[in-house]
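Coordinates in review
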Amino acid sequence: MTNDTIFGRILSGAIPCDEVYSDDKCLAFRDIEPQAPVHVLVIPRKPLPSLKEALPEDAELLGHLILVANLVAKQEGLEDWRTVINCGEGAGQTVFHLHVHLIGGRPLTWPPG
Ligand code: AMP
């Protein structure tokens with residue numbers, strides 16, 4: 001597993017980001033092309049390319065990412081929100097470093113495209 005993605009470069013500090021939360025396991029920052037008033041990405045420091053590569057040993061980390069998304073949602077004053085993990089190119093994944101999208105601040109319809 002390499003860290004050679006744009007998110008790997010954000011984690012190393014080579015590229016700046018608009019950080020909203022950070023701890024020893026993950027980083028959360030605003031999406032550069034927001035799809036809603038609040039659009040934050042929560043990424044693990046561990047360079048997992050996608051959910052496909054997650055192992056049983058990653059269970060705690062994956063739970064942590066979702067709980068951090070909750071925390072940021074509350075920090076942003078959201079009452080309702082959506083968390084999305086695109087898994088693979090066919091599902092819209094463009095950056096191959098696992099990330100949880102936190103989207104909110106407007107009515108969200110279902111199903112997504
Ligand atoms: P996905 O399509 O699920 O892989 O999501 C990748 C997301 O990363 C997209 O919503 C992009 O707008 C976002 N993105 C790409 N580069 C950056 C960056 N440098 N800073 C913040 N968000 C980014």
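Preceding block: the structure.
The text that follows walks through the structure, step by step, so that each part is easy to find.

Scanning the protein from terminus to terminus reveals two helices and five strands. By the compact-globule yardstick of 13 Å for 113 residues, the protein fits well, its C-alpha radius of gyration being 13 Å. Across the 113 residues in the protein, those meeting the buried criterion constitute 39%. With 9 positive and 15 negative side-chain charges, the protein shows a separation of 2 Å between the mean positions of the two kinds.

Surveying the vicinity of the ligand reveals 16 residues, the closest of which are Asp31, Asn86, Gly92, Thr94 and His101. In this structure, Asp31 approaches the ligand through a side-chain N or O atom, which is 2.5 Å from an oxygen atom. Here an oxygen atom of the ligand and a backbone polar atom of Gly92 are 2.7 Å apart. Contact with the protein chains covers 85% of the free accessible surface of the ligand, which is 510 Å². Counting only elements with at least two residues in the shell around the ligand, the list comes to α1 (6-12) and β2 (26-30). Here the element with the most residues in the shell around the ligand is α1; it accounts for three residues. Taken together, the residues that form the shell around the ligand break down as seven nonpolar, six polar and three charged.

What follows covers the layout of surface pockets. Any empty space left between the atoms is revealed when a probe the size of a water molecule rolls over them. Put simply, the largest pocket is a space of about 850 Å³. If you trace the largest pocket, you find 33 residues lining it, with Asp31, Gln35, His39, Leu41 and His101 closest to the centre. Secondary-structure elements contributing two or more residues to the lining of the largest pocket are α1, β2, β3 (38-44), β4 (81-84) and β5 (100-104). Class assignment of the residues belonging to the lining of the largest pocket gives a composition of 16 nonpolar, eleven polar and six charged.

Ranked by size, the top nonpolar core spans 18 residues in total, and within it Ala28, Val40, Val42 and Val72 carry the most contacts. For this core, the secondary-structure elements that each account for two or more residues are β1 (19-22), β2, β3, α2 (59-75) and β5. It is α2 that provides the largest number of residues to this core, a total of six residues. Excluding residues that lie within four positions of it along the chain, Val42 makes contacts with Cys26, Leu27, Ala28, Leu65, Val68, Ala69, Leu98, His99 and Val100. Ranked by size, the runner-up nonpolar core spans eight residues in total, among them Phe7, Ile10, Leu27 and Phe29.

Taking burial as the measure, the five residues of β2 include four buried ones, the bulk of the element. Two strands pair when backbone bridges link them, and β1 and β2 are joined in this way by three bridges, in the antiparallel orientation. Residue pairing for β2: Glu19 is matched across the bridge by Phe29. Connecting β1 to the antiparallel partner β2 that follows it, the hairpin turn spans three residues. With five bridges joining them, β2 and β3 adopt antiparallel strand pairing. Across the sheet, Arg30 pairs through a bridge with Val40, a residue of β3.

Cut-offs and rules
Chains are numbered independently. Their residues run from 1 in the order of the written sequence. Totals for whole chains, interfaces and linings use every residue, but because this is a predicted model, local features are given only for residues with pLDDT of at least 70 and side-chain atom pairs only at 80 or more, for both listing and counting. Just so you know, side-chain values use all the structure's heavy atoms and leave hydrogens and water out. The numbering of helices and of strands both runs from the N terminus, where a helix is a DSSP run of H or I of at least 4 residues and a strand a run of E of at least 2. It is over C-alpha atoms that the radius of gyration is taken, and the globule rule equals 2.2 Å times the number of residues to the power 0.38. Relative accessible area decides the class of each residue, using a 1.4 Å probe on protein chains only: under 20% of the type maximum gives buried, over 50% gives exposed, and in between gives partly exposed. Charged-residue counts in this description rest on Lys and Arg as positive and Asp and Glu as negative, His and the chain ends being excluded. Taken as the charge centre is NZ of Lys, CZ of Arg, CG of Asp or CD of Glu, depending on the residue. When we say a residue is near a molecule or strand, we mean one of its heavy atoms is within 4 Å of it. N or O atoms within 3.5 Å of each other form a polar contact, as long as, within protein, one can give a hydrogen and the other can take it, and as long as residues adjacent in sequence are counted only when both atoms are side-chain atoms. Method for areas: the Shrake-Rupley scheme with a 1.4 Å probe, in which residue coverage is limited to the protein chains shown. Residues are grouped as follows: Ala, Val, Leu, Ile, Met, Phe, Trp, Tyr, Cys and Pro are nonpolar; Asp, Glu, Lys and Arg are charged; every other residue, Gly included, is polar. For cavity detection a 1 Å grid was placed over the protein atoms alone, and a set of points counts as a cavity when a 1.4 Å probe fits there but cannot get out; an open set counts as a pocket when protein lies on both sides within 12 Å along at least five of seven lines, with lining residues being those that have an atom within 4 Å of a point. Grid points are joined across faces, edges and corners, and a volume is the space filled by probe spheres set on the points. We define a nonpolar core as any set of buried Ala, Val, Leu, Ile, Met, Phe, Trp, Tyr and Cys residues linked to one another through side-chain atoms lying within 4.5 Å. The contact definition used throughout considers only heavy atoms, calling two residues in contact when any of these lie within 4.5 Å. Think of it this way: DSSP has to see at least two bridges between two strands before they count as a pair.

Nothing here speaks to function; it is all geometry.
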